[in-house]
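Each chain is listed here by its residues.
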Amino acid sequence: NALLSLNAEEKLDLFPVGGLARFGRKLGLGLTQAQERTQWLVEQVVGHGTLGKGLMPLHQALTNSGLPVDQALNLIEKYVDKTEAHNAAGLMRREVYKGFSRAYLLKDEAKLADFLTHDFVEMPFQVRPSRQDLVLGLFKVLMEVFRALKIPVVVAFDQLEDLLLARRSDDAHKTAETFFAGIVQVMHQIDGLCFLIFAERGLWNRFVPSLDGYIQDRLNNPVHVPGQGTIKALRLEVPSVELVRRVIEARLSSLSPDVREFNLDPLYPFTEEQVRRIAQTEPTLRDMLQQCRHLFDHLVYGQESIEPIPPAMTPSRPTESERPTESHSELNHRIGLTSPSDLDHRRELASPSELPSDLDHRAGTESASELQTEPVNRLVEAASPASVEVMASPDVPPVGTELPCVPSSGPTSSSGLSTQQMMEIWAQEHRSALRKLQPDGALTGATRELQAALGTFLQICHEHGVKVGPWRLQHTVAEYTFGEHPTYGVMSIAHWACKDAPPWKVGLGLFLAKGAGKPKDLEIKLSSMGSEPSVIDHLILLRPEDDLTLTGKSKTIWAEAEKKGHHARLEPMSLEELALLYSFPRWLASVKEALPEGQPLPNLADLIQDTCEKLLEQVCMPIQN
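Every value quoted in this text rests on a predicted model; they were computed, and no experiment measured them. Numbering of residues starts from 1 in each chain and follows the order in which that chain's sequence is written. Side-chain atom pairs in this predicted model are given and counted only at pLDDT of 80 or more, local residue features only at pLDDT of at least 70, and totals for whole chains, interfaces and linings cover all residues. Derived side-chain values reflect all non-hydrogen atoms in the structure, with water molecules and hydrogen atoms excluded from consideration.

Draft legend 1. How the structure looks around the packing of helix α12 (residues 241-255) against helix α13 (residues 272-281). Geometry is summarised by axes, namely lines fitted to C-alpha atoms with helices restricted to the contacting stretch, and by angles between N-to-C directions that run from 0 to 180 degrees. Runs of H or I in DSSP of at least four residues are treated as helices and runs of E of at least two as strands, each being numbered from the N terminus. Where α12 meets α13, the closest approach of the two axes is 9 Å, and the angle between their N-to-C directions is 120°. Taken together, α12 and α13 sit at an angle that is classed as oblique. Handedness of the crossing formed by α12 with α13: right-handed. Side by side, α12 and α13 meet where V241, V244, R245 and I248 of the first sit next to E272, V275, R276, A279 and Q280 of the second. Any residue that is not Ala, Val, Leu, Ile, Met, Phe, Trp, Tyr, Cys, Pro, Asp, Glu, Lys or Arg is counted as polar, Gly included; the first ten are nonpolar and the last four charged. Looking at the contact of α12 with α13, its residues break down into five nonpolar, one polar and three charged. Comment on the angle field: the value is read as roughly parallel under 35 degrees, roughly antiparallel over 145, roughly perpendicular from 65 to 115, and oblique elsewhere. In this scheme the handedness of a crossing depends on how the near helix is turned from the far one: anticlockwise by less than a right angle means left-handed, clockwise means right-handed. Any pair of residues with heavy atoms lying within 4.5 Å of one another is described as a contacting pair.

Draft legend 2. Structural context of the pattern of salt bridges. Each salt bridge in this description consists of a side-chain nitrogen of Lys or Arg and a carboxyl oxygen of Asp or Glu lying within 4 Å of one another. Summed over the entire model, instances satisfying the criterion amount to 20 salt bridges. As a salt-bridge pair, R102 and E77 come within 3.8 Å of each other at their nearest N and O atoms. One end of the pair, R102, is in helix α5 (residues 88-105); the other, E77, is in helix α4 (residues 69-83), with 25 residues separating them in the sequence. A salt bridge links R245 to E249, with the shortest nitrogen-to-oxygen separation between them at 1.8 Å. In this pair, R245 and E249 both sit in helix α12, four residues apart, roughly one turn of the helix. An identical accessibility class is assigned to R245 and E249; each is buried. The classification of residues rests on relative accessible area computed with a 1.4 Å probe and restricted to protein chains. Under 20% of the type maximum is buried, over 50% is exposed, and intermediate values are partly exposed.

Draft legend 3. Examining helix α14 (residues 285-301) more closely. In this scheme, a helix's expected span is set at 1.5 Å multiplied by one less than its residue total. Taking 1.5 Å of rise per residue, the 17 residues of α14 would be expected to cover 24 Å, and the 24 Å separating its terminal C-alpha atoms lies within 8% of that figure. Turning to α14, its buried residues are M288, Q291, C292, H294, L295, F296 and D297. On its buried face, α14 sits against α12, α13 and β8 (501-510).

Draft legend 4. Inspection of the sheet that holds strand β7 (residues 490-498) at higher detail. Reading across from one edge, β5-β6-β7-β8-β9-β10 is the order of the six strands in this open sheet, with mixed pairing throughout. The open sheet has two free edges, formed respectively by β5 (467-468) and β10 (568-573), since each of these has just one partner strand. Any two strands are treated as partners once DSSP identifies two or more bridges connecting them. In this sheet, strand β9 (residues 538-544) lies alongside β8 in parallel orientation, the contact comprising five bridges. The residue of β9 that forms the bridge with L510 is L542.

Draft legend 5. Geometry of the nonpolar core. Counting residues in each nonpolar core, the largest one holds 54 residues, and the members touching the most others are L454, F457, W496, L508, F584, W587 and I608. Nonpolar core, defined: a set of buried Ala, Val, Leu, Ile, Met, Phe, Trp, Tyr and Cys residues in which side-chain atoms within 4.5 Å join the residues together. By size, the runner-up hydrophobic cluster in this structure holds 23 residues, among which are M529, V535, L550 and A568.

Draft legend 6. Quick look at the environment of K553. Within the secondary structure layout, K553 lies in helix α23 (residues 552-563). Owing to a relative accessible area of 57%, K553 belongs among the exposed residues under this scheme. The spatial distance from the C-alpha of K553 to the C-alpha of E523 is 9.7 Å, given a sequence separation of 30 residues.

Draft legend 7. Broad picture of helix α24 (residues 575-594). With 20 residues, α24 extends 28 Å from end C-alpha to end C-alpha; this agrees with the ideal 28 Å at 1.5 Å per step. Where α24 bends most, at F584, the angle is about 40°, and the proline P585 comes one to four residues later. Values of bend correspond, residue by residue, to the angle between axes fitted over the seven residues ending at that residue and the seven starting there.

Draft legend 8. Geometry of a nonpolar patch on the surface. A patch consists of residues whose relative accessible area exceeds 30% and which take part in no salt bridge; residues with like charges are grouped when within 9 Å of each other, and nonpolar side chains (Val, Leu, Ile, Met, Phe, Trp, Tyr) when within 5 Å. Here the open area of atoms and residues is found with the Shrake-Rupley method and a 1.4 Å probe, where only the protein chains shown may cover a residue. The grouping of V154, L196, F198, L234 and L236 at the surface amounts to a nonpolar patch, some 470 Å² of accessible area in total. Relative to the assigned elements, F198 resides in the loop between β2 (193-197) and α10 (201-207).

Draft legend 9. Region of the structure containing the packing of aromatic side chains. Any two rings among Phe, Tyr and Trp, with Trp reduced to its six-membered ring, count as a pair given centres within 6.5 Å; such a pair is stacked if its planes are under 30 degrees apart, edge-to-face if over 60, and tilted if neither. A complete count under the given rule lists twelve aromatic pairs for this structure. Look at W426 and W587: their rings are 4.3 Å apart centre to centre, the planes differ by 15°, and that puts the pair in the stacked class. Separated by 161 residues along the polypeptide, W426 in helix α19 (residues 419-437) and W587 in helix α24 bring together distant segments of the chain. For the pair W426 and W587, a shared accessibility class is recorded, and that class is buried. Geometrically, the ring pair formed by F457 and F584 is edge-to-face, given 5.3 Å between the ring centres and 85° between the ring planes. Of this pair, F457 sits in helix α21 (residues 447-463) while F584 sits in helix α24, placing them 127 residues apart in sequence. Under the relative-accessibility criterion, F457 is labelled buried at 1%. Here the aromatic cluster, defined as three or more aromatic residues joined through ring pairs, consists of F157, F179, F180, F195, W204 and F207. We call a charge positioned above a ring when the Lys NZ or Arg CZ atom is no farther than 6 Å from the ring centre and deviates by at most 35 degrees from the ring normal. Between the NZ or CZ atom of K107 and the centre of the ring of Y104, over which it lies, the distance is 5.1 Å.

Draft legend 10. Seen up close, the confidence of the model for the protein chain. How sure the predictor is of each residue is captured by pLDDT, a score from 0 to 100. Averaged over the protein chain, the pLDDT score is 76; the fraction of residues at 70 or greater is 76%. Of all helices and strands in the protein chain, the one with the weakest mean pLDDT is helix α16 (residues 340-349) (32), whereas β9 scores best (93). Low pLDDT (under 50) marks residues 305-373, which in the prediction has 96 contacts with non-local residues, meaning those over four places away or in another chain. Here residues 376-414 is modelled with pLDDT under 50, and outside its nearest four sequence neighbours on either side it reaches 99 contacts, counting other chains as well.

Draft legend 11. Representation of the pairing of β9 within the structure. For β9, a buried count of seven out of seven residues is recorded, marking the element as mostly surrounded by other parts of the structure. Side-chain alternation along β9 places H538, I540, L542 and P544 on one buried face and L539, L541 and R543 on a second face that is also buried. Across six bridges, β9 lies against β10 in parallel orientation. Bridging across to β10, L539 finds its partner in A568. With strands facing away from the observer, any crossover in which the path from the first strand over the helix to the second runs clockwise is taken as right-handed. Chirality of the crossover, the property in question, places the unit of β9, α23 and β10 among those that are right-handed.

Spelled out as structure tokens, the structure:
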């Protein structure tokens, strides 16, 4: 622009002729040459020079044209002073343009750095603005420059888990809300900025509905991406098995350059099954590579590189691996390896702290029959008008999930379903599931459906930010298959985490086989803990409470697993609880169908936690005292 704005006399000054030709300037001699050199320099700078060649570096173009660098810089500065306005924004643009030009042409960044740091405050303004207005004005000017040059500016916030967990206290929640309100304010005042917010899906979906409506609307503001359409959120999925395989092969190729010479598999020393297992069970590529590192040390050097968790990092609630070594009688007592009569006697006489894991911790005054009907009672109570909670926050589009979450709404909400209506649908589906599971053999025959329902339940809990005390779901695998048996070799995986503690990888399986199939089912389920690399730290088996006792071969298999250091526990479930789990996918489908077309699911965290409190405790890693 500076070159094109020059008149004939200025072009002659820019490219003076030498020798006797200087005396001919008054007659216009040398003007054509100066114009040609100026036009050639313009074409090289904007990339329209020699056909087939790209943009010539500016320093090279200046050298070839015979224009000194300091003279080119002086030309730019004069042009900026002449064209820019004299208001605050114009004064800032002058200094920014001059600073970038000096930084590029003279390799001197000091002037630009000084201006952006503090000199912008000392500029000669006619009406001196406040410091806040000065900073805002500087940001606007910088964004104008970047947008004109088509340079994208992205502000990314990663690892916001601590901020999103702040909803536990009012003061911390206010701080978190102020943070998001600040982002919204910047988006309103400065054009061209793109904010990327990385957070765990469940925490995000649980936190956002608690923000003010205007913040939610701005956070859910769609962005048009050429070739991708309108995007509100990007869901970062687990990489595919094939992609993980290629990454591992690339890593191993640098360690084993002679693999081709020995005609070994590119995955050596790993196997296809080991890579598949890692890719299907770990939440991120980083976790997968760490598992490969541990497995590599084990296979090649015969050692594990996994260090034990220091005491300061262990979860606050006791876990199976933290308990002292127990005798077989103590173990049998803890997991319920007693006769049915003994179990009934314990239900009647035990204090709340001594109740087995299939009973609630509320009190020891309720009878076993009353506790068995608890899921139905809880559904009925939640469906009553007195228990309906009306959220004031408006409905908003989805963020970061395929199953978008908006606040729960009352009867007058535009979401189309109130909490009461959703609970009534669930109660109806629960009664239907109970009828299907009551006949003899129906429960065993529904094993795969129940396992699929458990996987769906865990996924929705993860998506909607359901928590159990301080524990939250960090990753879920709805269905993980292992071994050869099509029914017994299936389980779900949940990574439970809490603040200041590493996640626990928990396997969850339906242990429903009876008679001769019972030992086989147990053996296959426990074998999942012996795989290399290990995919779970703890195994929870859900077993009907009327057949909890392990005897004979089943008891031997359990004892052998314990000797190997495998950590597992049995969780007794009543038929009503199994029906509650069985009805969950059907209820979820019914809710989706009842919603208006295109209407996202409301946030189900509170509803699930109120209805499935006991089930959540049973599938969570922490073990109650």
